Structures are given as C-alpha cells and as structure tokens.
Amino acid sequence: MKQRTIEKEVSFSGIGLHTGQKSKITFKPAAVDSGICFFKNGSKIVPDADKVTKTIRGTTIGEGEKAIHTVEHLMATFLGMGIDNLCVEIAGDEPPIGDGSAMPFVRMIERAGIVVQRKEKRYYVPGRKIEYRENDVKVEAMPSDKLEITMVIEYDHPVIKKQERTFEINEEVFKREIAPAKTYCFDYEIEHLEKIGLVRGGTLKNAIVIGEKGIHNREIMSFEDEFVRHKILDLMGDIFLIGRPIKAKITSLRGGHSSNIALAKLFKEDIKMTGSETELGLEEIKKAIPHRPPFLFVDRVKIIEPLKKAVGWRKIRPDEWFFKGHFPEYPILPGVLIVESIAQTAGVLFLAKPELENKLPFFMAIDDVKFRNPVFPGDELTLEIEVQRARLRGGKVAGKAFVGEKLVCECSFMFSIVDKK
Ligand code: ZN
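Treat the numbers as computed from the prediction; the structure is a model and nothing was measured.

Participant: Let's hear about unusual backbone geometry: which residues, and what values?
Facilitator: The residue after proline 293, namely proline 294, is reached through a cis peptide bond having omega 5°. The topology assignment puts proline 294 in the loop between α7 (282-288) and β18 (300-305). Following histidine 326, the chain continues to phenylalanine 327 via a peptide bond in cis, the omega torsion being -5°. Its location among the elements puts phenylalanine 327 in the loop between β19 (309-315) and α8 (335-351). The phi dihedral of leucine 307 is positive, around 60°, even though this residue is not glycine.

Structure below.
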C-alpha cells in the first residue's frame, strides 16, 4: 500500500467537547513521509505518544498554550482512512466534537479527496508480543499482517455490563462499524466532570448519556453495542500517536486512554529497539552537523535506516537573505542551495552519532545534477537520501528533492568525513 494524503484543504467548525469553546480545524495536504502534524497559533505540534500530557476522558498533547485536547477521534480517522500525511490547523484548544463520533472527520476527508502518493507506507509491526497491565486492565499486541482489534468493556452498571467486539480494520470497516460510534458518559458523573473543567461542550446530541435505569438519548445511537465500538475508535486514535500505521493483533481488556498511551509508548520503544527510524529536530541536527544559520538548510530529518536512508525537510521562508539578490522582484531558490540541503541531510544521516561529534563533512564530488522545477518562497522541500556506498571516512549518496509530489532536483555526490582540527 502506498502512502496517502488529501487532495485539497477542508475545514470544519464547532464546539469542543471538554472546553465548550468554539473551534475550527482545517486539513491540508502534506508531503510523503511527513506524517500527521498539527499547527496551532503558528507553532507545529507533532502528535506523539511521548508528548501526551493528559489522559482523563480524552487525550491531550502538549502543554500550556501549545496544548491540544481530545485529539483521539481525529487521529483514529486518519488511521482508519489510511491517511499518512496531513496537516491539521487548529483555531482553538480542542477539535470540534461534532456529533461525538468520527463521522464529521471522515466526511471532511471524503470531501477533500484522497491522493495516493509515490512511496510505500511504512507499517509498524511489533517485533514480539507486547503487553501492558495495570490493576484489572490488560492490553496486548501480537505481530500480524493486518490491524485487528478486540475490545472488552465491563461496567458494574445495570444498563451496560459487558460488551466485546473484534474488528479487522480497513477503510470500509472503519467507516461503517467504528467511525459512527459516539462518545458516552454516565449521568451521575456529569456534575463532577464539569467541576474539573471537562465535558463543558457536552450535550444530548454529541454524547450518549447513560442513566441508572436506561439511556437518556437512545435516539442518537447507531449501534446496540456502540460503547465498545467507541472504545475501539479511541484506541485507534491513541495508538496512531506512534506516527505510523500498524499491523498487529491488539486485545484490550477494560482499557482506556491511559493504557492505550502506555501501549503506544511500548510500541515506540520497540521501534527503537528493532533499530529503525528516529526523527531529529533542529537542535539535534545542530548537534550532528556544524552548519549554522544563515547556512543551515534543513529543518528536520527522519533517519529511516541508519547509514542507508533518510528524509529531510526544509521550509523555504519568504524572508531568506538570498532572495534579495536571487532575483530582485523574482525570488527563486538558487539550485545550488537545493544541492546543499540534500548534502546537509546526508551529513545528518552520517554524523548523527555521538562518537562523530568532532567531525566535518566535506564535498569531494558532485555528479549528475539536474534541476527539474523552480522552487519558490513558501515551498517546502522534501529531501530524500539514499546511500550508495558507505565507508568509515565518507561515502557516496544519491539525493532527490521534491516540492509536494513534484521532483525539483536530483544529484549524486561523494563526501569525506574529516576531523575538525
Ligand atoms: Zn472518544
């Protein structure tokens, strides 16, 4: 399966479930390998299990000004609909709750249209059986060739007791069986939840409310066993915080957001141990390579396979110094700086090891450079690196730069690694 994004921008507005405040989300297409990202007040927030700050009745990522509450229904939609790369711009602290299910987000993606991108999806498959226990909660994941989820919920309550469901998740099953399942709560908890600042946007239209003797608003329900299905939705959203689609057989006994996140963190540890993918931000890039502004030309690097493959990104800002002269009144990114961006990404791939801290990468040769398309202010370069030959003191690398799906430059080069002194 190839990676997927959306074709065009779409927006949706409404009230946040917990904050009760108006908010608006906009989905935007994103480049291959860039993953899901959020933008709030101009800052980028990567939805990541390690950045989860709260798991009470919803999953919150980030802190203070940068916090975004209740991200799980959005994330579940992306996983369920097979969307790998997408930006969510959010005006507010929480996505709109809509009708309490994931259907408003599914419809947004359908309105936007799905685009199949040029690279294969990179699934996470557990390297072994992964298990998490806490009191009477147990979650486990086994390697598989598809995503299969079993959920068991159990309450000491006359209206819902035990529900159990298993689904093999794909886009169709997600849309039909999981996405329409609404969030729910018990009527006796509402007062307390409001007191601690939650469910302030909850109504009888966007949450199923369970009372002692029955359900207060059965008319909004789509399934008899809607509760267990909604728990699967939440679990999908939480585990997608590892940033990769998943092939595993997952079983959750009485689990919730906190055990879902614990499982996602174990997945992330497993990814590290099986020795793939690490993502480096600007600070880590600066530790790896000696380049500094105004001559640092890569913002973010993902190492896909150590010493073999990496992807970098570089946002071309309209106020870059060289646009003043290249060219006056017709700003266009100098082609040699695209080559430089590719080379710096390769430098990070080679030098992102503490033992290489005192080294510098030097160009030895640049070959077969072709510039295919111009790059303008505001574009984002995706820089793909593949190592053709690696030696202790250097290597040969092939690089390609894209803007969106469009190839803008390709080249190959040799470099050597020398001591700073
Ligand atoms: Zn939920």
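Participant: Pulling in residues and values, what's your account of the nonpolar core?
Facilitator: Formed by 68 residues in total, the largest nonpolar core has its most connected members in Phe27, Phe38, Phe78, Phe174 and Phe267. The element best represented in this core is helix α5 (residues 226-239), accounting for 7 residues. Aside from chain neighbours lying at most four places away, what touches phenylalanine 38 is Ser43, Lys44, Ile45, Pro47, Ile61, Ile68, Val71, Leu74, Met75, Val88 and Ile90. Ala310, Ile342, Ala346 and Val387 belong to the second largest nonpolar core, which has 39 residues in total.

Participant: Requested: an account of the pattern of salt bridges, with residues and values cited.
Facilitator: Using the criterion set out here, one finds 35 salt bridges in the structure. Between lysine 129 and glutamate 140 there is a salt bridge, and its shortest N-O distance comes to 3.6 Å. Of the two residues, lysine 129 sits in the loop between β9 (114-120) and β10 (130-134) while glutamate 140 sits in strand β11 (residues 137-143), which places them 11 residues apart along the sequence. Among the salt bridges present, the one from arginine 317 reaches aspartate 299, with a minimum N-O distance of 3.9 Å. Pair noted here: arginine 317 is in the loop between β19 and α8 and aspartate 299 is in the loop between α7 and β18, with a separation of 18 residues, a long-range link. Arginine 317 sits in the partly exposed class, given a relative accessible area of 36%. The exposure class assigned to aspartate 299 is partly exposed, which follows from its relative accessible area of 21%. Three or more residues are tied together by salt bridges with common partners; here these are Arg4, Glu110, Glu171, Glu172 and Lys175.

Participant: So what about the sheet that holds strand β5 (residues 43-45)? Which residues, and what values?
Facilitator: Taken in spatial order, the 5 strands of this open sheet run β2-β3-β8-β4-β5, and their pairing is mixed. Either end of the sheet is taken by a strand with one partner, and the two such strands are β2 (10-15) and β5. This sheet shows a mean twist of 25° between the axes of neighbouring strands, independent of strand direction. The sheet contact formed by β2 and strand β3 (residues 22-29) spans 6 bridges and is antiparallel. If you follow valine 10 over to β3, its bridge partner there is phenylalanine 27. Against the sheet, helix α1 (residues 72-80) contacts β3, β4 (36-40) and β8 (86-91), and its axis sits at roughly 145° relative to β4. In the packing of helix α2 (residues 103-112) onto the sheet, contacts are made with β2 and β3, and the angle to β2 comes to roughly 160°.

Criteria and thresholds
- Residues numbered from 1 in each chain as written.
- Predicted model: local features only at pLDDT ≥ 70, side-chain atom pairs only at ≥ 80, totals over all residues.
- Heavy atoms only, no water.
- Helix = DSSP H or I, 4+ residues; strand = E, 2+ residues; numbered from the N terminus.
- Core = buried A, V, L, I, M, F, W, Y, C linked by side-chain atoms within 4.5 Å.
- Buried < 20%, exposed > 50% of the residue type's maximum accessible area, 1.4 Å probe, protein only.
- Contact = heavy atoms within 4.5 Å.
- Salt bridge = Lys/Arg side-chain N within 4 Å of Asp/Glu carboxyl O.
- Pairing = 2+ DSSP bridges.
- Axes fitted to C-alpha atoms, helices over the stretch in contact; angles between N-to-C directions.

From the geometry alone we can't say anything about function, so treat these as descriptive.
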